Amino acid sequence: MIVAFSVSPSAPEEDGGVSEAVARAVKVVRESGLPNSTNAMFTNIEGSWDEVMDVVKRAVEAAGEGSSRVGLVLKADIRPGYEGQLTAKVERVEKHLGQ
């Protein structure tokens with residue numbers, strides 16, 4: 001499965017941003033060893049249901065350090081039997097764009 005998620009604590013930084021909290025969450029994801037990518041809006045992670053949800057839970061906890069509330073947006077593509085789709089899906093789109 002692939003999960004795209006975004007976390008945001010209720011206590012933003014002085015400038016109104018949340019980059020420090022997001023960095024803590026992304027660190028958890030990267031240290032998990034699962035395939036992942038981060039862009040301006042979401043962090044994507046690929047693995048089994050249990051692996052991915054464990055990492056998301058720990059990432060939310062890390063982002064929420066020092067905050068009484070955390071918002072989580074999560075979208076999942078659950079496709080049993082398929083791996084490597086984090087990059088393969090993009091490659092298929094790029095192939096069509098190159099025609």
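These figures come from a predicted structure and were not determined experimentally.

(A) The arrangement of the packing of aromatic side chains in detail. The tally for this structure, following the rule as stated, stands at 0 aromatic pairs. Geometry around Y82 places R79 over its ring, the cationic atom sitting 3.8 Å from the centre.

(B) Local environment of empty space enclosed by the protein. One pass over the structure, following the stated rule, counts 1 cavity of 30 Å³ or more. Approximately 40 Å³ is the volume attributed to the largest cavity. Surrounding the largest cavity, M1, I2, E46, D77, R79, Y82 and Q85 form its lining.

(C) Main features of the side chain of Q85. With respect to the helices and strands, Q85 occurs in helix α3 (residues 85-97). Note on Q85: relative accessible area 10%, which makes it buried. Beyond its immediate sequence surroundings of up to four residues, Q85 is in contact with I2, E46, R79 and R92.

Calculation notes
- Residues numbered from 1 in each chain as written.
- Predicted model: local features only at pLDDT ≥ 70, side-chain atom pairs only at ≥ 80, totals over all residues.
- Heavy atoms only, no water.
- Phe/Tyr/Trp six-rings, centres within 6.5 Å; stacked < 30°, edge-to-face > 60°.
- Lys NZ or Arg CZ within 6 Å of the ring centre and 35° of its normal.
- 1 Å grid on protein atoms, 1.4 Å probe; cavity = no way out; pocket = protein on both sides within 12 Å on 5 of 7 lines; lining within 4 Å.
- Points joined across faces, edges and corners; volume = space filled by probe spheres on them.
- Helix = DSSP H or I, 4+ residues; strand = E, 2+ residues; numbered from the N terminus.
- Buried < 20%, exposed > 50% of the residue type's maximum accessible area, 1.4 Å probe, protein only.
- Contact = heavy atoms within 4.5 Å.

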